Every structure is written in C-alpha cells, then in structure tokens.
Amino acid sequence: MSKIIGEQLSNIPWQEKPANTNSPVWRYSANPIINRDAIPNSNSVFNSAVVPFEGGFAGVFRCDSKSVSMDIFAGFSDDGVNWKINHEPIVFEGDEEIIKREYRYDPRVIKIEDRYYITWCNGYHGPTIGIAYTFDFKTFHQLENAFLPYNRNGVLFPRKINDHYAMVSRPSDTGHTPFGDIFYSVSPDLTFWGKHRYVMGTVDGDTSAWQSKKIGPGPVPIETDKGWLLIYHGVINTCNGFVYRMGVALLDINEPWKVIARSRNYIMGPETLYECVGDVPNVTFPCAALTDAETGRIAIYYGCADTVTGLAFTTVDELLEYMEKFPLEA
Ligand code: BMA
C-alpha cells in the first residue's frame, strides 16, 4: 500500500471499481456530471478544476459562451457531483495591464498555505500562464503572468519545494501546437519564475504512440510517499486530427524534474459517446483531482470532447501498479 500525503477527505465523490475492468481508471456511472448548457449562456463546460472548500467543494470552470468566447467561472458544490456555476465570469482585481482580458481557459486550482491559487491559459499577446488567488471564490486578485508567451497548462505544486513555489508547464506556440514537452520552474514569490528544468517529453515511434505528438500536465501533482503522481494528457496526431488521452508518471519528491516511473499505456482515453463526439471529438482532458489520504482514493475531473465535464475514479495503488506493469523505459 502506498500513501497519499495530504488531507483526509472522506466526502469526495466515489464509486467502487466495476468488476471485469482492465483499466486503472473507471468512469462515474452518471457521466457527464456537467452538461454543455449548465449556465444560460454556455456553449460548453469542460476542462475545469475543483478543490475542497468550506466542508464542500469550490471550482473554477471553463465555460465557452454561445458567442464562443472562452472564460472561467466560479462554482460551488456540496457533493462534488452537482455543481452550481455562477452565470458571470470571474472578474479579477490587479494591475490594469495584466487583468486586460483576451481569453481565459483550462483553469487549475489549489490551496497553498492560506489561500486558493488559480492558474489558467491566459491570452496576453498569445497564450501564457495567468495566476490569481482568492480566499473565498468571490474576490480574485490576479498576479503577473508566470511566463512570456507562449505557454499552456501551468500547474502549481500543492506546497513549496525547497522553499520555492513550483510549477510544471508546457511551452507552446500561438496555434494548436504540434509539439510539447513538460518543464519544471520555481519561484520565490509567484512573480519571478526560473531554474527551468526539462521533466519529460513525447515518445517517438510506436512504443507509446498515444503520447507521440505532445504532452502537458493535468491536475495538480498528488503527493505520495513514493513521489509526486502526475496525471497528464498525451496527444497523437491521426488522419482525423488530435486524440487526447491521459497518462501517469511518478516524479522525485525533492527534484520533481526527475522522472522515477511513467506508464507506457494510457490510463484513460476517449471511448464513450460524450468523449468521442462533441465540439472537438476524441478528447479526454484532466484538469483536477480530489484525493483522500485515508483510503488513497482519487477522483479525476476531466473535459470530454471540449463540450462537457466528466468524473472518473482511481486510487494511488492502481496508478503505481499500472506503471509497474506497463513501464515506459527511459
Ligand atoms: C488544447 C487546449 C484544450 C483543448 C484541447 C483539445 O490545445 O485548447 O483546451 O481541450 O486542445 O481541443
């Protein structure tokens, strides 16, 4: 048995693994949990993030509007399954140059010390990583963008590592980025980021072709007694376009740019109708994970076909055993 290091959260959503499944991750039986019309003006609600908050849960949701403008909205839930999402997007306070909005999408959320931090893909003369904090999910203060454009998928670690805030991200381009590896960066103050280290990249050839085009970090890394569990997305280019699946890696606890283990097989990919059909077909895109230290349970929130939001389950042992069973040799 391996251990998650963190809060005991017996109230996270959970369903037992169905009998006769070979997959280390299994879907919530009533997926999708958030439909595309969850708020009056939404075209789609997907790639969204949640955290424990005041005995229940809070989240930041990517809602593309009916004019197909991409923005992020706060929401609340008692059970992590049924969500009430605000009808208006988050309004940020901060330096007027920085809070100017081009677009915002694919949020991640994490509590570090006394507050909740949100990172997202922020349009500032191209995509980069926006960072903001809130105490109450009502007022939000935006900090400086972490990096120069172009970058996507900025994901904070849930605590400082060697006295520094830490983030994994994926340098990119202005478009749909036909490349992408994961890098690690640190900051003393969440403003100045540096000491950039390469973590891991795509896999050429047919060893692990589902992650041959680009990869990017998904949920906030999960601290375990074996290292940081990183659930990430991997992309293959097919004759019908990109297909997004989920993978898992284990990173060194003090030097997280060092990869201890990584799965050759994907842990979940588009299979159901709501994952294979939508505005962008064949996308499963994880942005959050709730964990329970007591049981090792993990509830993954993921965008489905860029249209709706799904929930899936696994455990720390399932993921570690799967990496051992199907290892990607360095
Ligand atoms: C990526 C991001 C995600 C999206 C995915 C599939 O580049 O834009 O928001 O889910 O493409 O379209």
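Definitions and limits used
- Residues numbered from 1 in each chain as written.
- Predicted model: local features only at pLDDT ≥ 70, side-chain atom pairs only at ≥ 80, totals over all residues.
- Heavy atoms only, no water.
- Helix = DSSP H or I, 4+ residues; strand = E, 2+ residues; numbered from the N terminus.
- Buried < 20%, exposed > 50% of the residue type's maximum accessible area, 1.4 Å probe, protein only.
- Contact = heavy atoms within 4.5 Å.
- Areas by Shrake-Rupley, 256 points an atom, 1.4 Å probe, with all protein chains shown as cover.
- Lys, Arg positive; Asp, Glu negative; His and termini not counted.
- Charge placed at Lys NZ, Arg CZ, Asp CG, Glu CD.
- Core = buried A, V, L, I, M, F, W, Y, C linked by side-chain atoms within 4.5 Å.

A.B. asks: Account for the overall build of the protein, naming residues and giving values.
C.D. replies: Assigned secondary structure in the protein consists of 3 helices and 22 strands. In terms of its C-alpha atoms, the protein occupies a principal-axis envelope of roughly 50 × 45 × 45 Å. Considering the protein as a whole, with its 330 residues, one finds that 57% of them fall into the buried category. Counted over contacts in the protein with a minimum sequence separation of 6, partners at least 24 positions apart contribute 53%. Approximately 13900 Å² of the protein is accessible, and the part contributed by carbon and sulfur atoms is 49%. Each charge class in the protein was averaged separately, 29 positive and 40 negative side chains, and the resulting centres sit 3 Å apart.

A.B. asks: Quick rundown of the nonpolar core? Include the residues and the values.
C.D. replies: For soluble globular proteins, the rule of thumb is that nonpolar side chains tend to be buried together. Residues Ile33, Phe61, Trp83, Ile85, Phe137, Tyr301 and Leu311 are the most contacted members of the largest nonpolar core, which totals 38 residues. Elements with a contribution of two residues or more to this core: strand 2 (42-53), strand 3 (56-65), strand 4 (70-77), strand 8 (115-123), strand 20 (284-292), strand 21 (297-304) and strand 22 (308-315). Here Trp83 is in contact with Ile33, Ile34, Val50, Phe57, Ala58, Gly59, Phe61, Gly75, Phe76, Ser77 and Tyr301, once residues within four sequence places are set aside. Counting residues in hydrophobic clusters, the runner-up holds 32 residues, among them Tyr133, Phe147, Tyr165 and Val199.

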